[in-house]
Structures are given as structure tokens and as C-alpha cells.
Amino acid sequence: LSKHPERTDIPSDLDLIDTRLVDSLSFIEFIFVIEQASNRDIDTESLDLSQLRTLEAIERSFFD
Amino acid sequence: MTVPRVGVDLVPLARARQLVEPSYRAILERMLRPEEIDECTRCGVLDASAVAGRLAVKEAVFKLLRTREPMVLWHGIVVRGTPGTWPEVHLSDRAAELARHARLIGPVAVSVAHDGDYAIGVATAFAVHHDQVPITTSDTDHLREEHRHVPVDHYSTRGRQEMDFVQTP
């Protein structure tokens, strides 16, 4: 949210990529932050984009 | 028959300024190879403008690949060049594979410009036009043959003559 001050919240089912909340330039940082928070390495070569599209998908994929 | 392809991208310097901060070093290193970071360093300081230009060129080249890959192949698209020289692009690994899949032939030519708060990268290449020309026609066979056997380094931009293709008005 700090990167998008125009927003007050991010619904858990909002598509972060289609809405460009995460764009190509911030995608690496996005993955990096998820890795740090989940304490897991993410293999970008085999990455399934659907795992990152929404907050609920991220939670399901990396924090369960 | 070949068709030209163009990719373009714009990077705000504000984004690059963040990336050159020490706390972002690990992220920058996922986007630029060590030799690229060295070339963006001026008098021991990472230059945000140079970083922005390099990222813009990488994204422009990525657009030539017309892929649905989720992420720019930052390390597979290598942009080399020091101040006063023409930037050159080398594709490797997955990026080179995608270039073959996209039927790009010959070199990828690039150019970069900086002004104010932005850097712009432009990339051009030729591709075999597979929609309109049957791939078995004789005039494309040599292109396909060349394309099939083209080494990864062939996608590099080499020499002034190729760069003049981009730079000459």
C-alpha cells in the first residue's frame, strides 16, 4: 500500500498483475519480498503466475 | 519473408534511484549481472540514470520475444556498454530459446535515451513472418535454416555497422 498511496486497501482476490499494482519492474522485488517473508526460495524459471496474482493465492502457495 | 519487430520501454529514474540504494542491492543483482552493474558504476557510485537505461533496454528486448513469460528474463538479456559506446545485447539461456521460438533472426539492435526523469529503451529485430508465408516456401527456407542453427551469440549486436542500422536517421 505504501507504493500505491491512491489505494486504501488491496482485496485478497484482486489481480495484482492485471491491475499493475505489481508491474514488470517491481516483479523481482515482489518475489524477493515473498521469499523473505515466507523463508522460501522461489524458482522463477518454473514459476506459475497464478500463484502470485492475488494475495489469497500467495498465501495459499507460499504461506500455508 | 521477414518482418520488423520493435520493442520499447520507459523507466522512471525514480524507480532506478530506489534500486541503487544499498538496501536494494540484492534485488538489483537479480536484474543486472555483475558486469552490467560495474558498467553502471561511475566513480565508484551506481548511476541511477545508467541503471534506468539498461533496464529499459532489457524490457524493450523482452517485448521482441512476444512471450507470456511472467517475468522479464533479466539475466538472460544482457546489455553491455560503457559511456560513449553503443549498447550491445546478448541473449542467453531461456531468452535465447525464446528468441528462437519467436523466430527472430539476425542481431537485436538497441538504443537508449535519457532525458529528465525518464530513460527510454528501444529494440529492433527481424522475425520470420510465419502467419503469411508458408514455412516451406523456398524464400524462407534459408532463413529457417539459419535460424535453426544460429548460435546464441548470433543474437548479439555486433559492430558499428549493425548499430548504424538503428542510429542513422
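Residues numbered from 1 in each chain as written. Chains lettered and ligands numbered in written order. Predicted model: local features only at pLDDT ≥ 70, side-chain atom pairs only at ≥ 80, totals over all residues. Heavy atoms only, no water.

Is there a simple way to think about the overall build of chain A in this case?
Each helix and strand in chain A was counted, giving 2 helices and 0 strands. At 11 Å, chain A has a C-alpha radius of gyration in line with the 11 Å of a compact globule built from 64 residues. In terms of principal-axis extent, the alpha carbons of chain A reach across some 30 × 25 × 20 Å. Within chain A, the proportion of its 64 residues that are buried is 42%. In chain A, once contacts between residues fewer than 6 apart in sequence are set aside, the share between residues at least 24 apart is 45%. Of the roughly 4000 Å² that chain A leaves accessible, carbon and sulfur atoms contribute 46%. Each charge class in chain A can be summarised by its mean position, and for the 6 positive and 15 negative side chains these summaries are 3 Å apart. (Helix = DSSP H or I, 4+ residues; strand = E, 2+ residues; numbered from the N terminus. Rg over C-alpha atoms; globule rule 2.2 N^0.38 Å. Buried < 20%, exposed > 50% of the residue type's maximum accessible area, 1.4 Å probe, protein only. Contact = heavy atoms within 4.5 Å. Areas by Shrake-Rupley, 256 points an atom, 1.4 Å probe, with all protein chains shown as cover. Lys, Arg positive; Asp, Glu negative; His and termini not counted. Charge placed at Lys NZ, Arg CZ, Asp CG, Glu CD.)

In this structure, what is going on with the interface of chain A and chain B? I would like to understand it.
Quoted interface sizes are often the accessible area lost when the parts come together. Contacts between chain A and chain B engage 15 residues on the former and 15 residues on the latter. Buried surface at the junction of chain A and chain B, both sides included, amounts to about 1400 Å², of which 65% is carbon and sulfur. When the buried area of chain A at its contact with chain B is split by residue, L25, I28 and F32 of chain A rank highest and sum to 47% of it. Summed over the shared surface of chain A and chain B, the result is 2 salt bridges. Notably, a salt bridge pairs R15 of chain B with D23 of chain A, separated by 2.9 Å at the nearest N-O pair. (Buried area = accessible area lost by both parts, 1.4 Å probe. Salt bridge = Lys/Arg side-chain N within 4 Å of Asp/Glu carboxyl O.)

Is there a simple way to think about the pairing of strand β7 (residues 118–128) of chain B in this case?
In the case of a regular strand, side chains alternate between the two sheet surfaces. Residue and element names in this part refer to chain B. With 11 bridges connecting them, strand β1 (residues 2–12) and β7 associate as antiparallel partners. The residue of β7 that forms the bridge with D9 is G121. As paired strands, strand β6 (residues 104–115) and β7 are joined by 9 bridges and run antiparallel to one another. Among the inter-strand pairings, A113 is bridged to a residue of β7, identified as I120. Connecting the antiparallel pair β6 and β7 is a turn made up of 2 residues, with G116 showing a positive phi of about 55 degrees. (Pairing = 2+ DSSP bridges.)

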